[in-house]
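Spelled out, the chains give:
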There are 2 protein chains.
Amino acid sequence: MIEDKNQQRTQLSDLGEFGLIDHLTKNFKIKQSSTVKGIGDDAAVLDFKKNKIVVSTDLLVEGVHFDLSYMPLKHLGYKSVIVNLSDVYAMNATATQVTVSIAVSNRFPLEALEELYAGIETAAKIYNVDVVGGDTTSSTSGLLISVTAIGEVNNDTEVYRNGAKPNDLLVVTGDLGGAYMGLQVLEREKEVFKVNPNNQPDLEPYTYIVERQLKPEARQDIIKLLKDLDVKPTSMIDVSDGLSSEILHLCTQSGTGCDLYENKIPLDPQVISTCEEFNIDSTTIALNGGEDYELLFTISQKDFPKIKANPNFSVIGYMREESAGIHLVTRAETKIPLKAQGWKNFS
Amino acid sequence: MIEDKNQQRTQLSDLGEFGLIDHLTKNFKIKQSSTVKGIGDDAAVLDFKKNKIVVSTDLLVEGVHFDLSYMPLKHLGYKSVIVNLSDVYAMNATATQVTVSIAVSNRFPLEALEELYAGIETAAKIYNVDVVGGDTTSSTSGLLISVTAIGEVNNDTEVYRNGAKPNDLLVVTGDLGGAYMGLQVLEREKEVFKVNPNNQPDLEPYTYIVERQLKPEARQDIIKLLKDLDVKPTSMIDVSDGLSSEILHLCTQSGTGCDLYENKIPLDPQVISTCEEFNIDSTTIALNGGEDYELLFTISQKDFPKIKANPNFSVIGYMREESAGIHLVTRAETKIPLKAQGWKNFS
């Protein structure tokens, strides 16, 4: 967490806008056959033949979505791509391209942007997407990253939020609440650091949840797995704002109710132990934490045998008639209405 | 320029993120047949059949790209769409969709964002594009708008920056320097306003250039006209950073030189008179002013008869061998090397 005061600093003004873009993007390779023209013209040119495309966009703002006192720039670059790819996968699509725009104040030297772009490049490489455009500009304060992700689907395989039917099973991938608890640990260490800058934080017991916060992954693997298992979800969304919020989206858009079983919500042991340490209820965290970037989807009951043995999936409830409402069935078997706290960033 | 202190103010936190998006986008209509799914899922779904698509993105930052003391929010919303559509047209493509993301500090009430979105909606309506997505988030300071524009081209009609050949004619649409001189007038009035807030500025003599700055248009009409005239430019770019900068892009990417004739550069009489008033050389303004959003392109000489009688076009020079260099031929018939000052926003 200690800033290295001796690091090399090249002023952005030394390069100018075009020099900066060239410098930051010169290593980016085009790998997707759908990319006809990437960076370097007024627009990228893409050719998806007969396939449909999906487009999603997100803004990440310093001081709102990330804190550079514990978020390394390389991780931030990586995460900014991941959160957008997650939206593409949530459509059951293959991610193919991203554009990345940044607004940056002059307190950032070139070397900082190189770190950021190294993370972007790593994500693009691992997830096999091309960086095909963007904009680089100055800001009056702080750093802002805007990413637009593009993907493709063929043969009407896209999955919307509105296709869930009563009796469909509600399934989530991975586990929940880790990213939020990782953030709590990082925030606590930041406060300790303010009081005692020589204190070396021991993050060893929190490795998994800190990584969930700082270097999340998008579930590209699940899209492939669902295809291999021949399962097309009836509805799907990614878990970015917390499980409650996403369930409410699926139910509202599909016109269904839902019973969610508290004892089925997948939690990593580290999330449970850290929740105990912080004296927070782990179910509350899983329901409202956000930033897990897992996939939440519904499937027809006939598809249950295809997924039941797979450790990637947890069946956490089932969809009901709209009139039945949307409930959490607690461990004590009481039913309480599900409310979204989600991520309210204007409060 | 006087802020109305009595206007209605609804706090953004009263709506929450999803409520805000719903509220701002509820009037947006889908008109393009290529839009399968617009706002409301993890991603938009678009179907361009066999057509290729083009994608372009731009960030507009308060205090860098616009000043709300003289830029009405409705105009800003309009302009944020226009500058992106201009990039799509510069590919000889038809613009079809945009995504619009904003980061906004809590000093903006809902009514301000409604104004901004009214401008976005107006641009979308006039230019026949669908708003299919975006993100709305808070910022720690000021307003930032990120727009991604998508367009389509069929039958390999896209035009890149790199196709110019020696002896091709260099053509520009409309006239140049107006947006920059409009900005100078607005900046001057802002200074006057600071000294004497009761002074009513008389902008009547500057109507055209102020409109070029505050409410620019993108040359959608030119793309249609070129098609009707059966002219496919050999290279094309939009004039956003100033004529010099754009000529250098075309020459560098095409591997050509260029002779640009000073006496052929199209200037509106209001630009000339305002330049005289400000004691600035109008050629310098046309070369380096930027934000004109005209189209600059090259055509084969055989196509000259098709465009020569058309008042939309000015032939301002011709392309040469790379070894001949890139020059401005002045009214005094001296040749001076063309340099880009362009728009250096990191200095």
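Residues numbered from 1 in each chain as written. Chains lettered and ligands numbered in written order. Predicted model: local features only at pLDDT ≥ 70, side-chain atom pairs only at ≥ 80, totals over all residues. Heavy atoms only, no water.

A short note on the nonpolar core
(1) Moving on: The biggest cluster of nonpolar side chains holds 95 residues, and the ones touching the most others in it are Leu85(B), Ile247(B), Leu260(B) and Leu296(B).
(2) Moving on: At 9 residues, helix α2 (residues 73-89) of chain B tops the list of elements feeding residues into this core.
(3) Moving on: Each of domain 1 (12-153) and domain 2 (169-337) of chain B gives at least three residues to this core.
(4) Moving on: Grouped together as the second largest cluster of nonpolar side chains are 94 residues, Tyr70(A), Phe108(A), Leu225(A) and Ile285(A) included. (Core = buried A, V, L, I, M, F, W, Y, C linked by side-chain atoms within 4.5 Å. Buried < 20%, exposed > 50% of the residue type's maximum accessible area, 1.4 Å probe, protein only. Helix = DSSP H or I, 4+ residues; strand = E, 2+ residues; numbered from the N terminus. Domains from an automatic or database assignment.)

A word on the packing of helix α4 (residues 178-195) of chain A against helix α8 (residues 269-278) of chain A
All names here are of chain A.
(1) Moving on: Put simply, α4 and α8 touch, their axes get as near as 10 Å, and they point 45° apart. Between α4 and α8, the interaxial angle falls into the category oblique. When the axes of α4 and α8 are compared, the crossing they make is left-handed. In contact with Gly178, Met181, Gln184, Val185 and Arg188 of α4, α8 contributes Val271, Thr274, Cys275, Glu277 and Phe278.
(2) Moving on: The residue inventory of the contact of α4 with α8, partitioned by class, reads 5 nonpolar, 3 polar and 2 charged. (Axes fitted to C-alpha atoms, helices over the stretch in contact; angles between N-to-C directions. Parallel < 35°, antiparallel > 145°, perpendicular 65-115°, else oblique. Left-handed = near helix turned anticlockwise from the far one by under 90°. Contact = heavy atoms within 4.5 Å. Nonpolar A, V, L, I, M, F, W, Y, C, P; charged D, E, K, R; others polar.)

A word on empty space enclosed by the protein
(1) Moving on: Scanning all chains against the criterion turns up 2 cavities of 30 Å³ or more.
(2) Moving on: Approximately 160 Å³ is the volume found for the largest cavity.
(3) Moving on: Along its surface, the largest cavity is lined by 18 residues, and Ser141(A), Leu144(A), Ser139(B), Ser141(B) and Leu144(B) are the ones closest to its centre.
(4) Moving on: Each residue belonging to the lining of the largest cavity can be placed in one class, and the counts come to 8 nonpolar, 8 polar and 2 charged.
(5) Moving on: Every residue along the wall of the second largest cavity is listed here: Leu60(B), His65(B), Phe66(B), Met71(B), Leu76(B), Lys79(B) and Glu291(B).
(6) Moving on: Among the residues making up the lining of the second largest cavity, the classes are represented as 4 nonpolar, 1 polar and 2 charged. (1 Å grid on protein atoms, 1.4 Å probe; cavity = no way out; pocket = protein on both sides within 12 Å on 5 of 7 lines; lining within 4 Å. Points joined across faces, edges and corners; volume = space filled by probe spheres on them.)

Section: the domain arrangement of chain A
Residue and element names in this part refer to chain A.
(1) Moving on: Considered domain by domain, chain A is made up of domain 1 (12-153) and domain 2 (169-337).
(2) Moving on: Domain 1 and domain 2 are separated by 26 Å when their C-alpha centres are compared.
(3) Moving on: At the junction of the two partners, domain 1 supplies 19 residues and domain 2 supplies 20 residues.
(4) Moving on: Taking both sides of the interface into account, the surface hidden between domain 1 and domain 2 amounts to around 1,800 Å²; carbon and sulfur atoms contribute 57%.
(5) Moving on: Among the residues of domain 1 in contact with domain 2, Tyr70, Lys79 and Tyr89 are the three that bury the most area, contributing 33% of the side total.
(6) Moving on: There are 2 salt bridges connecting domain 1 and domain 2.
(7) Moving on: Salt-bridge contacts for Asp67 lead to Lys190; the nearest nitrogen and oxygen are separated by 2.5 Å.
(8) Moving on: Counting across the domain 1 and domain 2 interface gives 9 residue pairs in polar contact (both at pLDDT 80 or more). (Buried area = accessible area lost by both parts, 1.4 Å probe. Salt bridge = Lys/Arg side-chain N within 4 Å of Asp/Glu carboxyl O. Polar contact = N/O pair within 3.5 Å; in protein donor to acceptor, adjacent residues only side chain to side chain.)

Quick notes on the UniProt feature "binding site: Mg(2+) 1" (unreviewed entry) in chain A
Residue and element names in this part refer to chain A.
(1) Moving on: With numbering matched to this structure, UniProt assigns "binding site: Mg(2+) 1" (unreviewed entry) to Thr57, Asp58 and Asp135. A stretch of 79 residues holds the annotated residues, and the largest C-alpha distance among them is 14.5 Å, short enough that they meet in one place.
(2) Moving on: Note that Thr57 resides in strand β3 (residues 52-61).
(3) Moving on: A polar side-chain atom of Thr57 sits 3.1 Å from the main-chain carbonyl oxygen of Val147. (UniProt positions renumbered as here; feature names shortened; annotations may be inferred.)

Some remarks on the sheet that holds strand β8 (residues 169-173) of chain A
All names here are of chain A.
(1) Moving on: On the basis of which strands lie adjacent, the open sheet formed by 7 strands has the order β9-β11-β8-β12-β10-β13-β14 and mixed pairing. Single-partner strands in this sheet number two, and they are β9 (235-239) and β14 (335-337). Across this sheet, the average inter-strand angle for adjacent strands is 25°, counted without regard to direction.
(2) Moving on: Where β9 and strand β11 (residues 294-299) come together, 5 bridges link them in antiparallel fashion. By the bridge assignment for β11, Ile237 is matched with Leu296. (Pairing = 2+ DSSP bridges.)

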